Structure formats: C-alpha cells, structure tokens
Amino acid sequence: MTAAATDAPTVRVEAAESPVAGPTEVDWAAAVAAVRQLPVDGRVLLICHVNPDGDALGSMLGFGLGLRRLGVHRLQATFPGPPEVPEPLRGLPGQELLVPAAEAEPEPDLVICFDAASDSRLGELADRLTGPGTALVLDHHASNTGFGDVNLVDPAAAATSVVAEQLLERLGVPLDAGIAECLYVALSTDTGSFRFDATTPAVHEMAARLLATGISPGDISRRVFDSRPFGAVRLFGEVLGRARLEPEAAGGQGLVWTYATLDDLARHDQRPYVLEALIDPVRCTAEADVSCVVKQTGPDGWAVSLRSKGATDVSRVAVALGGGGHRLAAGFTGRGTVEEVVEQIRAELAVPASGGGIDQQG
Ligand code: 5GP
Ligand code: MN
C-alpha cells in the first residue's frame with residue numbers, strides 16, 4: 001500500500017451538516033459527452049484504486065465491457081502496484097482488458113477512475129490525470145476530493161457500480177451477462193452481500209436488473225466470498241486467536257482488534273489479499289462497536305481496516321491518521337509497531353465525535 005502512504009483527503013465526512021449532493025444533470029451530460037465525443041480510435045484508460053476490491057475491479061471491468069459494446073476498442077484497464085488480481089476476483093468477466101500499470105497508455109484521450117476517493121489512491125498512475133485527455137471520476141466516497149475534470153461522485157450510492165450502471169444506461173448500453181456479473185460482484189461486495197444499511201430498495205432493484213441477465217448469484221457468491229485456501233483458514237484461526245477486546249475504548253463503545261504480519265502470511269504460504277476478508281469475523285464481536293485489523297505491508301508499514309457498527313465515525317479516525325473511507329468502514333496506512341499503530345487509533349477514538357455522517361461501507 002505504498003500509494004496510500006500519502007493519502008490525505010482534504011474533505012471530511014460531515015454529512016449531517018452538509019449533505020454531499022450526488023452528480024448534477026450537468027455532470028451526467030458532461031460524462032456522456034466525454035465518452036460520445038471520443039475521437040475515432042480514441043484511447044481510453046480505466047484505472048481503479050490500489051489493492052482493488054470487488055467494487056473497484058467490478059465497476060471498472062463492467063464499465064469497460066460496456067464501452068466495448070459501444071465500439072471503443074483502444075481500451076485498457078489497470079490499477080497501481082503489482083498487477084495481481086486477488087484470487088476471488090479472477091473469475092470476473094473482462095479480465096482481458098487488464099494490463100499491468102507499467103504498460104498503461106501514457107497519454108490516453110479519456111481516463112476513467114473507479115472507486116478512488118483521491119488521486120493518491122491511483123499511485124504511480126495519478127500522472128495520467130494531468131495529460132491532455134479528459135479525466136472522468138466515478139466514485140461514491142463522501143471524502144472524494146473531486147480530482148477529475150468531470151466528477152460523478154454519489155455518496156448516497158451503495159457502490160461505485162451504482163454510478164457505473166447509471167452512466168451505462170445514459171450511454172444507451174444494455175446490460176449483458178458479462179457486464180452484469182461484474183456490477184453484481186461490485187454491488188454485493190460493498191453492501192456486505194446486501195446486509196449493510198446502504199442496501200436500499202434501489203440497490204435491490206439494481207440487483208434485480210443484473211440477475212435478470214441470467215447470472216448465477218450462488219456461483220458468484222461462493223467464488224467471491226465463500227472460498228479460500230486451507231492455509232488461509234488456518235491463518236485466520238491463528239490471527240483471530242490473538243484478537244484483543246478493549247471494552248473501555250471508543251468512549252466505552254469498545255474496540256476489538258488483531259493484526260497479521262508478513263511472517264504470518266509466509267508461514268501459511270498466503271498472499272496478502274486473503275487478509276481482506278479477515279475484518280468480517282473480527283467485526284462480529286458483540287462487545288465492541290469498533291473493529292480493526294492491522295495488516296503488515298512492509299518492515300514498519302501496516303494497512304489498517306476499521307469498521308463501526310454505528311456509534312463511531314471511523315472515517316474521522318482514518319482521515320485524522322492520513323487515510324479515508326466511509327463512516328462505518330475506513331482505513332489508513334500505519335507506521336511503526338503494531339502497538340504504536342493501535343495506540344494512535346485508541347487516541348483518535350477517544351476524541352469526542354462531532355455530528356453524524358453517511359452510513360456507508362465499502
Ligand atoms: P478496507 O478496510 O476494506 O481496505 O477499506 C475500507 C474503506 O476505507 C474503503 O472505502 C477504502 O476505500 C477506504 N480505505 C482503506 N484504506 C485506505 C487508505 O489507506 N486511504 C484512504 N483514503 N482510504 C482507505
Ligand atoms: Mn466502493
């Protein structure tokens with residue numbers, strides 16, 4: 001997560017005082033025009049955030065397949081860092097669009113960014129935003145800094161794929177099974193399989209449109225959520241076994257946390273992305289509002305995942321520590337020892353909250 005080290009969104013999530021509006025009709029029209037007015041043989045580069053999750057990759061590849069249907073053929077999709085797609089997402093349609101960051105078109109006519117709240121989440125690819133081409137941003141983070149020429153940022157959307165589907169519709173691209181599978185993975189990932197509060201009637205209506213293309217939700221969910229190597233099962237057991245509960249933390253709402261080192265991964269012969277799912281069993285802890293997993297990324301670097309059940313705005317904590325995210329799901333890059341990183345979190349959690357926010361995860 002080297003790219004996230006400089007993460008510092010300038011906009012705080014303070015929706016109770018200033019609800020962040022979604023895209024205006026002018027924004028939608030500008031986005032449609034940016035695609036429709038591509039030159040013949042125009043080069044399009046799609047970028048999603050570092051360490052891509054289901055929403056980042058699913059929105060990007062689903063939208064990419066839609067652009068293909070519009071006849072855009074000079075099309076690449078990429079993300080910063082190592083060009084490794086997490087195993088659970090390797091079955092996504094549209095993988096053929098993916099290229100390593102090092103091979104990404106240097107001067108695209110149109111750049112489209114997915115699920116990234118700030119350009120620092122695009123790592124070494126952030127320079128593609130400053131070329132002569134148009135930069136279009138599709139996102140749903142309230143902390144989005146508006147780093148594109150055209151910004152379709154809808155903090156009320158459960159996932160970036162909601163924005164992607166709307167733009168495809170406005171472009172007149174019908175859903176097919178390939179597009180739908182990508183958008184379904186994105187939507188189900190960011191809504192916690194339709195369990196989080198962001199699961200509105202509109203989310204289920206979108207899911208219904210996607211399912212109507214004939215995709216198989218059972219197969220998709222098994223692949224994306226319910227499948228991991230035996231080594232990862234044992235690794236989870238070990239890491240969960242050292243979880244600590246601190247009932248006094250977060251103003252008495254409780255904190256539960258654990259950590260995983262690079263050595264833990266090596267001993268169980270596992271890749272770092274298997275740890276993405278680790279927050280789920282940790283956040284089940286009934287006695288804690290806030291849950292946290294600290295995942296080592298280098299000698300003194302840690303990718304920190306934070307979740308709240310509702311009483312705590314973890315995006316405030318993450319932003320204060322140089323990261324970002326949503327009110328109920330956020331993260332940042334920690335430095336030092338695990339104990340030092342957790343102490344920083346404890347200290348931020350002790351700061352009284354100011355106002356509400358957007359109940360959003362993923
Ligand atoms: P996760 O814990 O699943 O990695 O991330 C939860 C949420 O926090 C996501 O919305 C993600 O975009 C955001 N997030 C995680 N890590 C970082 C970070 O280092 N910087 C920023 N700006 N956001 C992060
Ligand atoms: Mn997302």
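For the protein chain, the name recorded in an unreviewed UniProt entry is Phosphoesterase RecJ domain-containing protein, with Micromonospora phaseoli as its organism.

Peer 1: How should I be thinking about the pattern of salt bridges in this particular structure?
Peer 2: Opposite charge on two side chains makes pairing possible when the charged atoms of those side chains draw close. This model, assessed by the stated rule, comprises 22 salt bridges. Between Arg-335 and Asp-300 there is a salt bridge, with its nearest N and O atoms 4.0 Å apart. With Arg-335 in strand S11 (residues 329-335) and Asp-300 in the loop between strand S8 (290-298) and strand S9 (301-308), this residue pair connects regions lying 35 residues apart in the sequence. Under the relative-accessibility criterion, Asp-300 is labelled partly exposed at 38%. Connected via shared salt-bridge partners are Glu-238, Arg-242, Asp-263, Asp-264 and Arg-267.

Peer 1: Got a minute to help me understand the UniProt feature "domain: DHHA1" (unreviewed entry) in the protein chain in this structure?
Peer 2: Here, the residues flagged by UniProt with the feature "domain: DHHA1" (unreviewed entry) are residues 272-348. The span residues 272-348 carries 30% helix and 34% strand; its end-to-end C-alpha distance comes to 27 Å.

Peer 1: Help me understand the packing of helix H4 (residues 177-190) against helix H6 (residues 217-224), please; the structure alone is not making it clear to me.
Peer 2: What describes two packed helices is the angle between their axes and the distance between those same axes. Where H4 meets H6, the axes come as close as 11 Å, and the angle between the chain directions of the two elements is 60°. The pairing of H4 with H6 is recorded here as oblique in orientation. The crossing of H4 and H6 is right-handed. Here Glu-181, Tyr-184, Val-185 and Thr-189 of H4 lie close against H6, whose contacting residues are Pro-217, Ile-220, Arg-223 and Val-224. The residue makeup of the contact of H4 with H6, split by class, is five nonpolar, one polar and two charged.

Peer 1: Would you mind showing me how to read the coordination of the manganese ion (ligand 2) here?
Peer 2: Reference geometry at the metal: tetrahedral coordination by four donors gives ideal angles of 109.5 degrees; octahedral coordination by six donors gives 90 or 180 degrees. Those donors, Asp-55 (OD), Asp-115 (OD), His-140 (NE2) and Asp-190 (OD), are the protein atoms that reach the manganese ion (ligand 2), and they lie 2.2 to 2.4 Å from it. Read in sequence order, the donor residues for the manganese ion (ligand 2) give the motif D-x59-D-x24-H-x49-D. Taken as a pair, His-140 in the loop between strand S4 (134-139) and strand S5 (150-153) and Asp-190 in helix H4 lie far apart in primary sequence, 50 residues in all. Owing to a relative accessible area of 2%, Asp-190 belongs among the buried residues under this scheme.

Peer 1: Quick question: what am I supposed to make of the sheet that holds S11 here?
Peer 2: Through backbone hydrogen bonds, the strands of a sheet pair up, either in parallel or in antiparallel fashion. Pairing within the open sheet is mixed, and its six strands lie in the order S6-S7-S8-S9-S11-S10. Two strands bound the open sheet, and with one partner strand each, they are strand S6 (244-246) and strand S10 (324-325). Sheet analysis places strand S7 (residues 255-260) next to S8, joined by six bridges and oriented parallel. Note that in S8 the partner of Leu-255 across the bridge is Val-290. Against the sheet, helix H11 (residues 338-349) engages S6, S7, S8, S9 and S11, with an angle of about 155° to S7.

Peer 1: How should I be thinking about the packing of aromatic side chains in this particular structure?
Peer 2: Geometry of an aromatic ring pair is reported as the spacing of the ring centres plus the angle between the planes. All told, the structure shown has three aromatic pairs when counted by the stated rule. Look at Tyr-184 and Phe-194: their rings are 5.8 Å apart centre to centre, the planes differ by 45°, and that puts the pair in the tilted class. Of the two residues, Tyr-184 sits in helix H4 while Phe-194 sits in the loop between H4 and helix H5 (201-211), which places them 10 residues apart along the sequence. For Tyr-184, a relative accessible area of 7% corresponds to the buried category. Between Trp-257 and Tyr-259 the ring centres are 6.4 Å apart and the planes differ by 35°, which places this aromatic pair in the tilted class. Note on Trp-257: relative accessible area 1%, which makes it buried. Lying over the aromatic face of Tyr-259, Arg-242 brings its terminal NZ or CZ to 4.5 Å of the ring centre.

Peer 1: Whenever I open this one, unusual backbone geometry confuses me. Can you help?
Peer 2: Peptide bonds are trans in most cases, and residues, glycine excluded, mostly fall at negative phi. Unusually for a residue other than glycine, Asp-41 sits at a positive phi of about 65°. As for its placement among the helices and strands, Asp-41 is situated in the loop between helix H1 (25-36) and strand S1 (44-48). The class for Asp-41 is partly exposed, based on a relative accessible area of 41%. A positive phi angle, close to 55°, is found at Ala-250, a residue other than glycine. Summarising the element assignment, Ala-250 is placed in the loop between S6 and S7.

Here is what the cut-offs are and how they apply
- Residues numbered from 1 in each chain as written.
- Chains lettered and ligands numbered in written order.
- Predicted model: local features only at pLDDT ≥ 70, side-chain atom pairs only at ≥ 80, totals over all residues.
- Heavy atoms only, no water.
- Salt bridge = Lys/Arg side-chain N within 4 Å of Asp/Glu carboxyl O.
- Helix = DSSP H or I, 4+ residues; strand = E, 2+ residues; numbered from the N terminus.
- Buried < 20%, exposed > 50% of the residue type's maximum accessible area, 1.4 Å probe, protein only.
- UniProt positions renumbered as here; feature names shortened; annotations may be inferred.
- Axes fitted to C-alpha atoms, helices over the stretch in contact; angles between N-to-C directions.
- Parallel < 35°, antiparallel > 145°, perpendicular 65-115°, else oblique.
- Left-handed = near helix turned anticlockwise from the far one by under 90°.
- Contact = heavy atoms within 4.5 Å.
- Nonpolar A, V, L, I, M, F, W, Y, C, P; charged D, E, K, R; others polar.
- Donors = N, O, S within 2.8 Å, 3.2 Å for Na, K, Ca; no water.
- Pairing = 2+ DSSP bridges.
- Phe/Tyr/Trp six-rings, centres within 6.5 Å; stacked < 30°, edge-to-face > 60°.
- Lys NZ or Arg CZ within 6 Å of the ring centre and 35° of its normal.

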